[in-house]
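# Close look at the chain arrangement
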Amino acid sequence: MQVHIVDTTLRDGEQKAGIALRGKDKVKIACLLDSLGIYQIEAGIPAMGGDEKKSIRRMAELGLKSRISAWNRMNVDDVMQSTDCHVDIIHIAAPVSDLQIKSKLNKDRDWVVDNLRRCVACAREKGFEVTVGLEDASRADPEFLLQVCAAACGEGAVRIRYADTVGILHMQRSFDEIKRMKKELKVALEIHAHNDLGMAVANSLAAARAGVEFVDCTIGGLGERAGNCDYLQFLHAARGCVGMYRDLDFRFVKEVQDEILCVIL
Amino acid sequence: MPLPVKEKSVKRIVDRTLLSVHDRNKSVKRLDIIDLCWILSDMGVELIEINAALLKTMGRLPAGLRFLYRAGPESDDGWLNGEIRDCLIHKDVLKDTDRLERLKKKNIRLTAEFTADKVSDLYGIARKKNVSLLDTVRITGLGRFVSGEWLQVLRQIKEQLGVGLDICPVNDYSIATAIAVEALLHGADGVSASFGGYGPAGGYAALEEILVALKVLMHTNEKMNLTRIPELSGKFCRITGVQIPGSKPVAGKDIFRYESGIHADGIGKNPSTYEPYEPEMVGQKRKLSIGKHSGTKAIVCKLAEMGLKCTMEEAALILKAVRAKSARLKRDLPEKELKDIFDRVISVSLTSIMS
């Protein structure tokens, strides 16, 4: 079993109320994450403009081994801001639960599918690698999830992120959902778990066992509300429970984690 | 979309907080312990685990509460003449048929504790001598149980023995709550846990996370007053000196603080968009913070809370200043600082109108 880590400390982690990073802090953290061998750094949200956008562009220019991605709402203006930053990957988040589609956007499912197609096509036309996030997937109609995935992949998205936005998955359900998607889709899958009920690490591990190729983590589990899947806890659980990361230098990881947390807090 | 619920029976919750607290600090005051007992009971705990040392500290047990007594050698069975009706024995006591029968004659409900560190450890439980005399089997360890295989074995034990199953996972790998929840969804009758997972080594499943999972995922154990969690947290912190992190699931004081524009917008329209349960359920309130990730709508909303009005253009200018200051200071801005920025922007706005 092998997974790549997508670190979203600089995006979801920074969204935690009270956390605010300067551009130079984000660049420093990106370099530290790169030293850990993190596959992908979700650097932030270019649509915020100003220093946020500038810092993402700087990170993309650093020439790190880690791939730099930018997070976008599902709108073309956001996507265009990301293309300005010359990141490696553009991530587009699509609300997929009826609750979010109706309450947040006041739209319907057809609009989500059409708009997603437009956004993915826009990024692909500019030559970017695109991943699509299914926001609030754990409260969405499973059939609609597959429909959204088909639309995203049809326009060239190379990876689908399953987001347990409010942290209500449990291990077996996490495993079953990913297994089902693996069976129906021919695209790489990613898990983004929130920790509202204290199960983000377990759910991420279950998804990894089911075949996700990418796991989203944050340093210290920082993130909205009770946070995200804690990177070091995930590594520790993966080693202890399923034998991954046997050769990893955990002491080094802890040192880098502590250094990053010093920058943030 | 609601989750399918496999088992909707009321689950037995056993608290291990007091035992863990007292084990670490024998000078805990009796009144503090009694206070915690009542709060735990109100929160939905059915049994509070105690041992001989804790019983001595407590002296007379409060009437109306149930205690699970961790029995030692038979010579210490003086507690049998008191109010305790539930007893936890080590699995080796199962070899002592006479003692078991004496306990059963006294109408004591028996739980025996087994440890399972791998799935194969579970298979032997049903074959143990006298296990059918038990009311409940508690299985502890379980810290690495991530596959579905063990859940099937759990069901087999339950069906073979006809006993209650209590799951007490250790948290060595930060997954104890998830293991306990999975067991409850697959037929376990109850869970033993502690507040914040407090306990020796890696600790246990977090009691408050289990209770919220029972309510939100399993829609069972309706009579739980979880609004007392902040009170329990405060007393726990005072007694133990352990601080609960602000982002601790369910009990952290910051878990309902939100700032990002996207979340603020969603929560403003319908809090369920970004909350799995209402903060009031766990005795908290949501709080809008203003900082680097705020949007203009959040600025307008926060100012309105403060009794102030501005146009969207002014809000955009305020937001620009908020973001710059927030990033410089690496934190969100309290109301006073927001008001200062508001005053500056409005004064510039008024000056340009008048000139």
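Starting afresh in each chain, residues are numbered from 1 along the sequence in its written order. Chains carry letters from A onward and ligands carry numbers from 1 onward, assigned in written order. The model is predicted, so local features are restricted to residues of pLDDT at least 70 and side-chain atom pairs to those at 80 or more, both for listing and for counting; the totals for chains, interfaces and linings are taken over all residues. Side-chain numbers come from the whole structure's heavy atoms, not from hydrogens or water.

Bringing the overall build of chain A into the picture now. On a plain count of helices and strands, chain A comes out with eleven helices and eight strands. Computation of the radius of gyration draws on C-alpha atoms, with the globule rule given as 2.2 Å multiplied by the number of residues to the power 0.38. In terms of C-alpha radius of gyration, chain A reaches 17 Å, essentially the compact-globule figure of 18 Å for 265 residues. Buried residues are those whose accessible area, probed at 1.4 Å on protein chains only, stays under 20% of the maximum for their type, while exposed residues exceed 50% and partly exposed ones sit between those limits. Counting only residues that meet the buried cut, chain A has 67% of its 265 residues in that class. Taking the intrachain contacts of chain A between residues at least 6 apart in sequence as the baseline, contacts between residues at least 24 apart amount to 73%. In these tables, accessible area is a Shrake-Rupley quantity obtained with a 1.4 Å probe, and a residue counts as shielded only by the protein chains included in the view. Accessible surface, chain A: about 9,000 Å² in total, of which carbon and sulfur atoms supply 47%. The numbering of helices and of strands both runs from the N terminus, where a helix is a DSSP run of H or I of at least 4 residues and a strand a run of E of at least 2. Note on definitions: a residue-residue contact is assigned when non-hydrogen atoms from the two residues lie within 4.5 Å.

In this model, A:R225 sits at a positive phi of 55°, which is unusual for a non-glycine residue. What makes A:R225 buried here is its relative accessible area of 7%.

Our focus in this paragraph is helix α10 (residues 231–242) of chain A. All names here are of chain A. Given a rise of 1.5 Å per residue, twelve residues ought to cover 16 Å, and the 16 Å separating the end C-alpha atoms of α10 matches this to within 8%. All of the buried residues along α10 are Y231, L232, F234, L235, A237, A238, G240 and C241. On its buried side, α10 packs onto β1 (4–7), α9 (200–210), β8 (214–217) and α11 (250–264). Its side-chain oxygen at 3.0 Å from the backbone nitrogen of L232, D230 defines the N-terminal cap of α10. Immediately beyond the C-terminal end of α10, within one or two residues, lies G243, with a positive phi of roughly 75°. Helix span, expected: 1.5 Å multiplied by one less than the number of residues in the helix. The definition of a polar contact used here is a pair of N or O atoms within 3.5 Å, where within protein one atom must be able to donate a hydrogen and the other to accept one, and adjacent residues in sequence count solely through side-chain atom pairs.

So, about the side chain of B:D32. Following the sequence through the fold, B:D32 ends up in helix α2 (residues 30–43). Look past the residues within four positions of B:D32 in its chain and what remains in contact with it is B:R238 and B:I239.

Residues and elements named next belong to chain B. On a range of 0 to 100, pLDDT expresses the predictor's confidence in each residue. Looking at chain B as a whole, the pLDDT averages 93, with 98% of positions reaching at least 70. Confidence over residues 1–7 falls short of pLDDT 50; this stretch has 17 contacts with residues more than four positions distant or in other chains. Here the predicted complex scores 0.96 on pTM and 0.97 on ipTM.

What follows covers the pattern of salt bridges. The salt bridge criterion pairs a side-chain nitrogen of Lys or Arg with a carboxyl oxygen of Asp or Glu, the two atoms within 4 Å. All told, the structure shown has 60 salt bridges over all chains when counted by the stated rule. Where B:E231 meets B:R228, a salt bridge forms, and the shortest distance between an N and an O atom there is 3.0 Å. You can call B:E231 partly exposed: its relative accessible area is 35%. Salt bridges here are not isolated pairs; linked through shared partners, they connect A:R11, A:D12, A:E42, A:R159, A:R161, A:E190 and A:D216.

This paragraph deals with the sheet that holds strand β7 (residues 164–169) of chain B. All names here are of chain B. Between any two strands, at least two bridges found by DSSP are needed for them to pair. In spatial order, the strands read β1-β2-β3-β4-β5-β6-β7-β8; together these eight strands close into a barrel with parallel pairing. Adjacent strand axes in the sheet meet at a mean angle of 25° when their direction is disregarded. Both β7 and strand β8 (residues 190–193) contribute to a ladder of two bridges, which runs parallel. From the neighbouring strand, D166 faces β8, where its bridge partner is G190. For every element, the axis is a line fit to its C-alpha atoms; helices are fit only across the contacting stretch, and the angle between N-to-C directions ranges from 0 to 180 degrees.

It is worth spelling out a nonpolar patch on the surface at this point. Residue and element names in this part refer to chain B. A contiguous nonpolar surface patch, about 380 Å² in accessible area, is contributed by L350, I353 and M354. Following the sequence through the fold, M354 ends up in helix α13 (residues 335–354). For M354, a relative accessible area of 72% puts it in the exposed group. Patch members must show over 30% relative accessible area and no salt bridge, and they are joined within 9 Å when carrying like charges or within 5 Å when they are nonpolar side chains of Val, Leu, Ile, Met, Phe, Trp or Tyr.

Residue-level contacts link 55 residues of chain B with 51 residues of chain A. We define buried area as the total accessible area lost by two parts upon association, computed with a 1.4 Å probe and summed across both. In this assembly, chain B packs against chain A so that about 4,500 Å² is buried in total across both faces, 61% of it on carbon and sulfur atoms. Scanning the region where chain B abuts chain A turns up three salt bridges. For B:K292, the salt bridge identified is with A:E52, shortest N-O distance 3.1 Å.

Quick look at the sheet that holds strand β2 (residues 40–44) of chain A now. Residues and elements named next belong to chain A. Read around the barrel, eight strands follow the order β1-β2-β3-β4-β5-β6-β7-β8 and close on themselves; strand pairing throughout is parallel. Neighbour to neighbour, the strand axes of the sheet diverge by 25° on average, direction disregarded. Across four bridges, the pairing between strand β5 (residues 129–135) and strand β6 (residues 159–164) is parallel. Bridge assignment links T131 to a residue of β6, and that residue is R159. On the sheet, α9 packs against β6, β7 (188–193) and β8 and is oriented at approximately 170° with respect to β7.

One can find B:N270 in the loop between α10 (261–269) and β10 (287–288). A distance of 3.1 Å separates the side chain of B:N270 from the side chain of A:S103, its partner in a polar contact. Not counting the four nearest positions on each side in its chain, B:N270 is found in contact with A:L99 and A:S103.

Along an α-helix, residues three or four apart share an orientation, since each turn contains 3.6 residues. Helix length check: helix α8 (residues 171–184) of chain A (14 residues) gives 20 Å between terminal C-alpha atoms against 20 Å at 1.5 Å per residue, within 8%. Those residues of α8(A) that fall on the buried side of the exposure criterion are A:M171, A:Q172, A:R173, A:S174, A:F175, A:E177, A:I178 and A:M181.

In this section: the packing of aromatic side chains. All names here are of chain B. By convention, a stacked pair of Phe, Tyr or Trp rings (six-membered ring in the case of Trp) has centres within 6.5 Å and planes under 30 degrees apart, an edge-to-face pair has planes over 60 apart, and any other such pair is tilted. For the structure on display, the rule yields six aromatic pairs over all chains. When the ring of Y198 is compared with that of F236, the centres are 5.1 Å apart and the planes differ by 85°; the resulting orientation is edge-to-face. Taken together, the residues span a long stretch of sequence, with Y198 in the loop between β8 and α8 (207–216) and F236 in helix α9 (residues 229–240) at a distance of 38 residues. Grouping residues by exposure puts Y198 and F236 together as buried.

All names here are of chain B. Residues belong to one nonpolar core when they are buried, are Ala, Val, Leu, Ile, Met, Phe, Trp, Tyr or Cys, and are joined through side-chain atoms within 4.5 Å. Grouped together as the largest cluster of nonpolar side chains are 191 residues, with contacts concentrated most on I50, W79, L122, I139, W150 and I210. Filtering out sequence-adjacent residues up to four positions away, L122 remains in contact with A116, I139, F145, W150, V153 and I157. Judged by nonpolar contacts, the second largest core, of 21 residues, contains I267, I290, A298 and V345.

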